[in-house]
Amino acid sequence: MSAPNAQSGSDSEETGTLLQATGLSKLFSGIYALKDVDFDLKAGEVHALLGPNGAGKSTLIKILDGVQPQDEGSVEVDGRPRTSGDIATVFQELSLIPALTVAQNIFLGNEIHNALGLVRTGEMNRIVKVLTDRLGLNIRPEEPVENLSVASRQLVEIAKAIHRNARVLVLDEPTSTLTKADQLLLFKSIRDIQKAGVGIIYVTHRLTEVFELADRVTVIRDGRKVLTAQVSDMEMKSLVSVITGTKTDEVGPSAQDFDRYVPADEAQLTDGPRLQVSMLSGDRFSNISLTVAPGQIVGIAGLIGTGRTELLETIAGVRRSSAGDIRLDGKSVSFKSTAQAVSAGVALVPEDRHQSGVILQHSILRNLALAHSKALRRGPLMDDGAARTLVRGLIDTLQIKAVSMGSPVQSLSGGNQQKVVFAKWMQPGVRVLLLDEPTQGVDVGARQEIYKVIHRFAEEGAAVLVVSSDFVELQELCDEIYFMTSTTMSEPEPVTAETTDQYIYSALNERVIKSHERD
Amino acid sequence: MNAISASAATKPRFGGRSGGDFIREYFVYIALAALIVFFAFASPYFMTTQNVANIGRQTATVSIVAVGMAFVIINAQIDLSVGSVFALCGMASALVMQYVVNFWLLGALAAVAVGVVFGFLNGLVTVKLGVPSFLVTLGMLGVARGIALLITDTKPVLISNPTYFQIFGESTFLGLPIAVIWTLVIVAIGVVVLHKSIFGLRVFATGGNPQAARFTGVNTQRTIISSFVITGALVGLASLLFTGIAHAARPDLGSGLELDVIAAVILGGVSLFGGRGTIIGVLAGSLIIGIMNNGLVLMGVSSSVQQIIKGIIIIAAVSLSKKR
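Residues numbered from 1 in each chain as written. Chains lettered and ligands numbered in written order. Predicted model: local features only at pLDDT ≥ 70, side-chain atom pairs only at ≥ 80, totals over all residues.

The next subject is the UniProt feature "transmembrane region" (unreviewed entry) in chain B. All names here are of chain B. As recorded in UniProt, the feature "transmembrane region" (unreviewed entry) lies at residues 26-47, 59-78, 98-121, 133-152, 172-194, 224-249, 261-289 and 296-320. Between the end C-alpha atoms of residues 26-47 the distance is 24 Å, and the span holds 77% helix and 0% strand. Between the end C-alpha atoms of residues 59-78 there is a gap of 21 Å, over a span that is 80% helix and 0% strand. (UniProt positions renumbered as here; feature names shortened; annotations may be inferred. Helix = DSSP H or I, 4+ residues; strand = E, 2+ residues; numbered from the N terminus.)

Set out below in structure tokens:
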């Protein structure tokens with residue numbers, strides 16, 4: 001949506017090829033996870049790597065990185081076979097040690113020491129300071145990593161890689177847990193690093209970032225490369241269709257699934273609010289009020305760390321409120337546990353899918369039977385036949401792609417895992433659905449399907465409350481948006497064509513600045 | 001996210017399972033069969049009816065406690081106190097029948113009640129104070145043993161109740177020693193509760209990922225406490241089967257029982273990290289422990305050497321069942 005970075009684009013055309021991978025193939029149990037893929041990266045270039053979940057992006061990265069050997073093909077850096085350390089990957093799960101300082105982390109395993117073997121902390125801090133200054137990072141070397149934000153930790157990871165002379169950086173969905181402000185910080189640093197001649201492979205599901213940041217884009221699908229192109233030659237719509245492998249008019253944010261959806265009708269709205277939160281205070285938030293009617297999808301725009309997640313968790317009985325009132329269909333409730341909230345029909349789709357959403361090593365069947373156990377119980381026992389029928393139905397309805405209902409959830413792609421979380425709550429009696437970053441780490445195609453599921457909940461009369469850092473998502477999904485800071489909540493604003501992600505971003509910033517001035 | 005798993009998810013694989021998985025899953029049964037064949041050749045007495053009945057009787061304690069321990073370990077907890085509580089349960093039933101009423105049911109209830117109380121305390125302290133169950137039950141191991149030694153000043157207590165001996169020790173049913181019948185009943189109940197009930201599903205969920213289980217509406221604290229209570233009750237029952245044969249309770253009974261039981265459970269394929277395991281596997285694991293105890297005695301191996309061999313076999317078996 002914003003113009004590609006023309007400056008760095010022209011730079012990279014003049015410089016030589018940094019990384020050249022030719023004919024990469026990888027077989028897992030006789031199936032090609034990657035087949036005959038070529039990939040190249042120029043010095044100072046940001047090359048976006050896109051594709052649906054399970055397309056082979058991770059495999060490609062692991063082969064480039066040297067974590068996994070390829071079965072065929074070669075990887076060269078600067079015309080020589082790649083050696084370890086040439087390529088560094090900053091994973092989604094960060095690999096820093098929280099209790100150590102920034103400098104200690106960067107030097108971990110090759111600390112500078114004196115003749116007695118004692119670590120020279122001052123010298124290490126000095127070197128790190130020089131490095132962070134060069135990269136334009138505002139991070140103190142003496143700071144323990146545990147005190148840093150997620151964004152800053154990523155920057156430390158990047159600094160660590162560059163300190164170890166990595167020529168190529170792989171960033172794997174670096175913004176998936178960042179707020180907009182932190183994203184901007186990261187993007188700025190990425191541009192500085194580009195100038196230093198480092199090549200960057202940027203893996204993401206968020207297409208807006210591709211247009212904002214990348215020079216070239218490569219799309220992988222089903223283990224094969226389907227496209228490499230200059231970003232400036234691409235349009236959002238055509239890129240989406242390349243990724244999903246569908247025709248242009250079938251997908252895209254303006255697809256008919258969204259046009260079809262109209263805000264909950266008058267009849268439903270006059271029922272009175274389904275969820276009413278008044279002057280609620282709890283961990284990291286205070287005096288928050290909001291209202292969601294049956295059939296309505298309401299979004300909360302707020303920065304990470306302002307208590308958005310905590311607000312949802314308080315409503316869902318994970319945390320206790322310290323003041324205020326939560327009403328469900330007009331009746332005041334105060335859940336002492338999630339078990340109570342669930343039985344009252346308040347369901348949470350948590351932000352951290354792996355930790356809180358599903359039991360990864362258990363089968364789809366077992367995960368869903370647990371959530372639906374109220375309907376499946378015959379006395380103290382579980383009706384196995386009924387469970388299978390129900391789960392088969394849910395897999396069909398949500399189009400969960402899996403070998404069988406006995407497959408462990410961890411064998412599914414991110415999008416399909418998230419569908420399993422939604423399937424847990426597809427049961428009668430769910431009156432309030434709380435969604436915390438519902439499509440984080442979910443590819444474009446699956447995201448559309450998840451939006452459909454969310455609309456379905458609303459159509460059946462659930463009140464849906466969505467927290468998302470992806471403002472495009474709020475715009476696409478919601479009927480109304482609240483702007484939240486840790487101490488204030490705006491009046492709801494209806495979502496219209498003017499409520500773009502840019503608008504949401506600037507409106508939110510204004511509120512944040514105002515609330516700071518008040519303090 | 002990752003291509004290995006994703007390709008597995010989209011393209012069904014032929015047969016679905018590699019040889020390594022097969023061996024890992026059925027390892028305990030293969031090991032059990034191998035052990036039986038080995039001892040059958042090593043000792044002519046091993047396969048006699050008399051000895052098989054002995055094995056059944058001797059294995060009952062470990063098998064029954066292991067069923068409870070399976071619940072605890074699948075919950076990602078552990079109970080080190082079972083050996084000491086075993087002694088205290090035995091003392092409770094003997095003392096009640098000696099000094100209160102010499103009625104078999106009352107003695108039995110006393111033993112089970114003591115087990116339940118200790119199980120409940122183990123569970124309660126673990127979940128409410130957030131102390132790892134390893135430490136809670138390690139402490140309780142000392143507490144229960146201390147009480148058992150204290151109440152009679154370390155003296156054994158005799159039992160003289162023929163009905164009690166019949167029900168828990170000496171009679172046979174369908175040609176099988178009564179202890180074997182008790183084992184089969186408990187295993188059958190264990191299979192139903194763990195694999196067919198809502199509670200069992202919650203146990204797997206709580207051990208597999210407590211936070212996700214909680215977010216799905218499972219009362220994980222209750223699930224954990226219940227598992228400790230089940231173990232306590234089964235420890236009580238197991239103590240009856242022992243005192244029913246011995247006609248007495250001694251405060252030093254059951255020392256080291258926790259090691260045999262935990263080894264049986266892990267051999268049986270239960271994950272020490274929770275969330276995975278089967279009762280039938282645990283029964284097979286218990287039989288391995290029982291047969292090893294019995295077979296080594298028959299071969300005339302001294303008890304010190306027995307311990308060494310047992311230790312090595314357990315380490316080897318567990319590492320074999322994990323690797324590959």
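A few words now on the environment of B:Gly200. All names here are of chain B. Counting through the fold element by element, Gly200 comes out in helix 9 (residues 198-208). For the pair Gly200 and Ile74, spaced 126 residues apart in sequence, the C-alpha separation works out to 9.7 Å. If we skip the residues at most four places from it in the chain, Gly200 touches Val193, Leu194 and His195. (Contact = placed C-beta atoms within 7 Å.)

It is worth spelling out the sheet that holds strand 14 (residues 323-328) of chain A at this point. All names here are of chain A. Strands sit in the order 12-11-14-15 across an open sheet of 4 strands; the sheet is antiparallel. At either end of the open sheet lies a strand with only one pairing partner, and these are strand 12 (285-292) and strand 15 (331-333). Sheet twist, expressed as the mean angle between neighbouring strand axes with direction ignored, is 25°. Sheet topology note: the strand 11 (residues 275-282)/strand 12 ladder contains 5 bridges and is antiparallel. By the bridge assignment, Leu280 is partnered in strand 12 with Ile288. Against the sheet, helix 11 (residues 308-315) makes contact with strand 11, strand 12 and strand 14, and its axis sits at roughly 120° relative to strand 11, the strand it touches most. (Pairing = 2+ DSSP bridges. Axes fitted to C-alpha atoms, helices over the stretch in contact; angles between N-to-C directions.)

Further remarks concern the sheet that holds strand 16 (residues 346-349) of chain A. All names here are of chain A. Across the sheet, 6 strands lie side by side as 16-19-20-13-21-22; this open sheet has mixed pairing. The two strands at the open ends of the sheet, each matched to only one other strand, are strand 16 and strand 22 (493-494). Sheet strands touched by helix 18 (residues 444-459): strand 13 (297-302), strand 19 (432-436) and strand 20 (463-467). Its angle to strand 20, the strand with the most contacts, is close to 145°.

All names here are of chain A. When the domains of chain A are assigned, the result is domain 1 (6-249) and domain 2 (257-518). Between the C-alpha centres of domain 1 and domain 2 there is a distance of 32 Å. Counting residues at the interface gives 13 residues for domain 1 and 15 residues for domain 2. For the side of domain 1 that touches domain 2, the elements supplying multiple residues, two or more each, are helix 6 (180-195) and helix 8 (236-244). At 3 residues, the largest contribution of residues to the side of domain 1 that touches domain 2 is made by helix 8. Looking at the side of domain 1 that touches domain 2 residue by residue, the classes come out as 4 nonpolar, 7 polar and 2 charged. (Domains from an automatic or database assignment. Nonpolar A, V, L, I, M, F, W, Y, C, P; charged D, E, K, R; others polar.)

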